[in-house]
Amino acid sequence: MAKSKKRGLTKKNEDELIQTLNDFAGWLVKKKIAKNLSNIDHTVEMPFANEDWTMKVDEKNKNVSFNTFLVEKSSFKYYKMVIVHEFFHLAVQRVPNKEDSTRIKDDFGEELMKLIDIEADFFTALYFKEKLGYGLIDYLKLYYEGSRVFYDRRIRGVKLERFIGSLLSITKMFLIPVSKKEDVAWDLYLPTINPVYTEESLHVLVIRREHIYLDEIKASYQDFVDIKKCYINIDKLSVKGYVDELIKFSCRALKIEVPEKVQNEINLL
Ligand SMILES: [Zn+2]
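Predicted, not measured: the structure shown is a model, and the values here were computed from it. Each residue is numbered by its place in its chain's sequence as written, counting from 1. The predicted origin of the model limits local features to residues at a pLDDT of at least 70 and limits the giving and counting of side-chain atom pairs to 80 or more, whereas totals for whole chains, interfaces and linings rest on all residues.

1. Remarks on the overall build of the protein
Counting secondary structure elements, the protein contains ten helices and six strands. For the protein, the C-alpha radius of gyration of 19 Å lies close to 18 Å, the compact-globule estimate for 269 residues. Projected onto its principal axes, the C-alpha coordinates of the protein cover approximately 55 × 50 × 40 Å. Backbone-placed C-beta atoms define the burial measure: a residue is buried with 20 or more other C-beta atoms within 10 Å of its own, exposed with 12 or fewer, and partly exposed in between. By residue count, 30% of the 269 residues in the protein fall in the buried class. Note that contacts rest on C-beta atoms placed from the backbone: two residues are in contact if these are within 7 Å. Considering only intrachain contacts with a sequence separation of at least 6, the fraction spanning at least 24 residues in the protein is 58%. Note on conventions: DSSP H or I runs of at least 4 residues are helices, E runs of at least 2 residues are strands, and numbering of each starts at the N terminus. Our radius of gyration is a C-alpha quantity, and the globule rule it is checked against amounts to 2.2 Å times the number of residues to the power 0.38.

2. A few points about the nonpolar core
In terms of nonpolar packing, the biggest core is built from 56 residues, with Phe-87, Phe-122, Tyr-139 and Leu-246 touching the most fellow members. Ranked by residue count, the leading element in this core is helix 2 (residues 76-93), at ten residues. The start and end points of each domain follow an automatic or database-based domain assignment. Composition of this core by domain shows at least three residues from each of domain 1 (1-108) and domain 2 (150-269). Contact partners of Phe-122, with chain neighbours within four places excluded, come to Ser-166, Ser-169, Ile-170, Met-173, Trp-186 and Leu-188. In these notes, a nonpolar core means any group of buried Ala, Val, Leu, Ile, Met, Phe, Trp, Tyr and Cys residues linked to one another through C-beta atoms within 7 Å.

3. Some details on the sheet that holds strand 2 (residues 55-58)
Strand pairing requires that DSSP identify at least two bridges connecting the strands. Here we have three strands laid out as an open sheet, ordered 1-3-2, and mixed in their pairing. Since the sheet does not close on itself, it has two edges, and those belong to strand 1 (43-45) and strand 2, each with one partner. Ignoring strand direction, the axes of neighbouring strands in this sheet form an average angle of 15 degrees. Two elements, strand 1 and strand 3 (residues 63-66), share three bridges in a ladder whose sense is parallel. Residue pairing across strands places Val-44 opposite Val-64, the latter belonging to strand 3. Structural elements are reduced to axes, namely lines fitted to C-alpha atoms, with helices fitted over the stretch in contact, and the angle between N-to-C directions of any two is expressed from 0 to 180 degrees.

4. Let's talk about the environment of Lys-141
Inspection of the secondary structure assignment puts Lys-141 in helix 5 (residues 136-149). Along the sequence, Lys-141 and Leu-167 sit 26 residues apart, while their C-alpha atoms lie 12 Å from each other.

5. Examining the domain arrangement of the protein
Quite often, the size of an interface is put as the accessible area lost when its parts meet. When its domains are assigned, the protein resolves into domain 1 (1-108) and domain 2 (150-269). Each of domain 1 and domain 2 has a C-alpha centre, and the two are 26 Å apart.

6. Examining the pairing of strand 3
Only one face of strand 3 is covered, namely the face carrying Val-64 and Phe-66; the face carrying Asn-63 and Ser-65 is uncovered. By the bridge criterion, four bridges tie strand 2 to strand 3 in an arrangement that is antiparallel. When the bridges of strand 3 are listed, Asp-58 appears paired with Asn-63. A loop of four residues connects strand 2 with strand 3, the two strands running antiparallel in sequence, and Lys-62 in this loop sits at a positive phi of about 50 degrees.

7. Quick word on unusual backbone geometry
Positive phi, normally seen in glycine, also occurs at Lys-62, with a value near 50 degrees. The exposure class assigned to Lys-62 is exposed, which follows from the 12 C-beta atoms found within 10 Å. Of note in this structure, Arg-94 is not a glycine but carries a positive phi near 60 degrees. Tracing the backbone through its elements, the reader meets Arg-94 in the loop between helix 2 and helix 3 (98-108). Classification of Arg-94 by C-beta neighbours within 10 Å gives exposed; the count is 11.

Here it is, written out as structure tokens:
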């Protein structure tokens, strides 16, 4: 009789993931995104549970668990991106558990929770760029996988808004370099899709390091339909069609041209 296959991660991938989290923690402190992470000394477990959770933190026993069920649906690279995002919730934002996000929604509303996720997405991408050598296209290829893994026809507006917010924040970070003087600079985009139906634009709150401002993103109803397609009709899109659509949408929204180098790279996909 064949031995049943071990579920979850291989030992090698498990070790690599722990090494990545330690490296990410060091990078956060070095970039002054977190002051001191000496309190993040939890023991790490990576069980396989066929349940809908990704990270659980037990502060009393100083233990963090990452559910490896996603690994069966995705690549290891994608899983790593998800775990780094989750770790940011724990180490920097201190909202590691599902109850924490419910509490934030109750206390401060859904918009704030959306922003917290966009911020975690942003710093995950920045880490992948700076430490793992990712370019925008490779990174969006991971998003393609994510859209396939979390494929859901009944899209909720909030989820689509987070998707657009993260996409704009990340594209801007990759394509518009900041001056060397600034250690970290960022613009986090918090969009609402409601006005697209009446005004052909998306309203967006931009959170800069220095201040917050209100902006508008030109987006026709058709643009909106196209970007929505990337989220819900992903089965009909190739990775090339997907990445191309996302980059076109973001560059139009950010009022920049798609850089030639980026376009060439898309054409080669
Ligand atoms: Zn999250």
